[in-house]
Amino acid sequence: MLSSQMVIYEEEHQKLTEICERLVRDALAKAIFIVDKDGQLVTATGETTGIDTTGLASLVAGSTAATGSLALMLGEEEFPVHFHEGKSKHLHVSVIGDTLILVVIFDERSSLGLVRLRVKRAYAEMADIIAAVAEKAKDGNKDMDIFGEITDDDIDSLFNDAF
């Protein structure tokens, strides 16, 4: 399981964005967002003008957490997909792995069936990218001990400097 402080490198960010751009076209969606479970926006594609992306990211993360709690109350591990239907706009929300949330906003140009089909295809690619990020983090942490070279003398000299 990845920590909530996952670092997505530029290469993986670009790949996620490209998948979202393709998903916007293939699913006939209005906009697509990837949000982390802490409510931080990872990427946004499509018609995002006029959408408070920060607010959307926070609310989606909160809604997903609440839905997860409902699942636990009912004896389920989680509800990885949920759908919200409005008069003209709809949300399809999917949990990707343990850390990310995919949000698809669509309208009457598309259908729930088409969105589900296209999300299912994109999901596997996104999960692979997240696994690669986790592997990079694991490999990078093996050799990274930022305090290993600091001695007691270094700490003493840091705090003994005259101001």
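As annotated in an unreviewed UniProt entry, the protein is Roadblock/LC7 domain-containing protein from Lujinxingia vulgaris.

> Quick rundown of unusual backbone geometry? Include the residues and the values.
Phi angles above zero are rare outside glycine, and leucine 28 is one such case at about 55 degrees. For leucine 28, the position within the fold is in the loop between α1 (10–26) and β1 (31–36).

> Hey, could you go over the pairing of strand β5 (residues 100–106) for me, with residue numbers and the actual values?
Counting buried positions along β5 gives seven out of seven residues, so the element sits mostly inside the fold. Note: β1 against β5, six bridges, orientation antiparallel. Bridge pairing in β5 links valine 35 to isoleucine 101. Across seven bridges, the pairing between strand β4 (residues 90–96) and β5 is antiparallel. Bridging from a neighbouring strand, leucine 91 pairs with isoleucine 105 of β5.

> For helix α2 (residues 53–73), give the residues involved together with the corresponding values.
In an α-helix, one turn spans 3.6 residues, which is why side chains three or four residues apart end up on the same side. The end-to-end C-alpha distance of α2, which contains 21 residues, comes to 30 Å, matching closely the 30 Å that a straight helix rising 1.5 Å per residue would cover. Residues of α2 that are buried: Gly55, Leu56, Ala57, Val60, Ala61, Thr64, Thr67 and Ala71. The inward-facing, buried residues of α2 abut β1, β2 (41–46), β3 (81–85), β4 and β5. Phi for glycine 75, located one or two positions after α2, is positive at around 85 degrees.

> Go over a negative patch on the surface, please, and point to the residues and values.
A contiguous patch of negative charge, built from Glu76, Glu77, Glu78 and Asp98, is present on the exposed surface. With respect to the helices and strands, the residue aspartate 98 is situated in the loop between β4 and β5. Residue aspartate 98 is classed as partly exposed on the basis of its relative accessible area, which comes to 44%.

> Requested: an account of the nonpolar core, with residues and values cited.
Grouped together as the largest cluster of nonpolar side chains are 23 residues, with contacts concentrated most on Leu102, Val104 and Met126. Those elements that provide at least two residues to this core are α1, β1, β5 and α3 (112–142). Ranked by the residues each element gives to this core, the list is headed by α3, at seven residues. Beyond its immediate sequence surroundings of up to four residues, leucine 102 is in contact with Cys20, Leu23, Ile32, Phe33, Ile34, His92, Val93, Ser94, Ile96, Val119 and Met126. If you look at the next biggest cluster of nonpolar residues, it comprises eleven residues, including Ala31, Ala57, Val93 and Val103.

> Please provide a residue-by-residue account of the environment of serine 111, values included.
Considering the arrangement of structural elements, one finds serine 111 in the loop between β5 and α3. Residue classification places serine 111 among the partly exposed residues on the basis of a relative accessible area of 35%. Each C-alpha atom of the pair serine 111 and leucine 28 lies 8.5 Å from the other, and the pair is 83 residues apart in sequence. One polar contact links the side chain of serine 111 to the main-chain amide nitrogen of leucine 114, over a distance of 3.2 Å.

Rules of the game
- Residues numbered from 1 in each chain as written.
- Predicted model: local features only at pLDDT ≥ 70, side-chain atom pairs only at ≥ 80, totals over all residues.
- Heavy atoms only, no water.
- Helix = DSSP H or I, 4+ residues; strand = E, 2+ residues; numbered from the N terminus.
- Buried < 20%, exposed > 50% of the residue type's maximum accessible area, 1.4 Å probe, protein only.
- Pairing = 2+ DSSP bridges.
- Expected span 1.5 Å × (residues − 1).
- Contact = heavy atoms within 4.5 Å.
- Patch = residues over 30% accessible without salt bridge, like charges linked within 9 Å, V, L, I, M, F, W, Y side chains within 5 Å.
- Areas by Shrake-Rupley, 256 points an atom, 1.4 Å probe, with all protein chains shown as cover.
- Salt bridge = Lys/Arg side-chain N within 4 Å of Asp/Glu carboxyl O.
- Lys, Arg positive; Asp, Glu negative; His and termini not counted.
- Charge placed at Lys NZ, Arg CZ, Asp CG, Glu CD.
- Core = buried A, V, L, I, M, F, W, Y, C linked by side-chain atoms within 4.5 Å.
- Polar contact = N/O pair within 3.5 Å; in protein donor to acceptor, adjacent residues only side chain to side chain.

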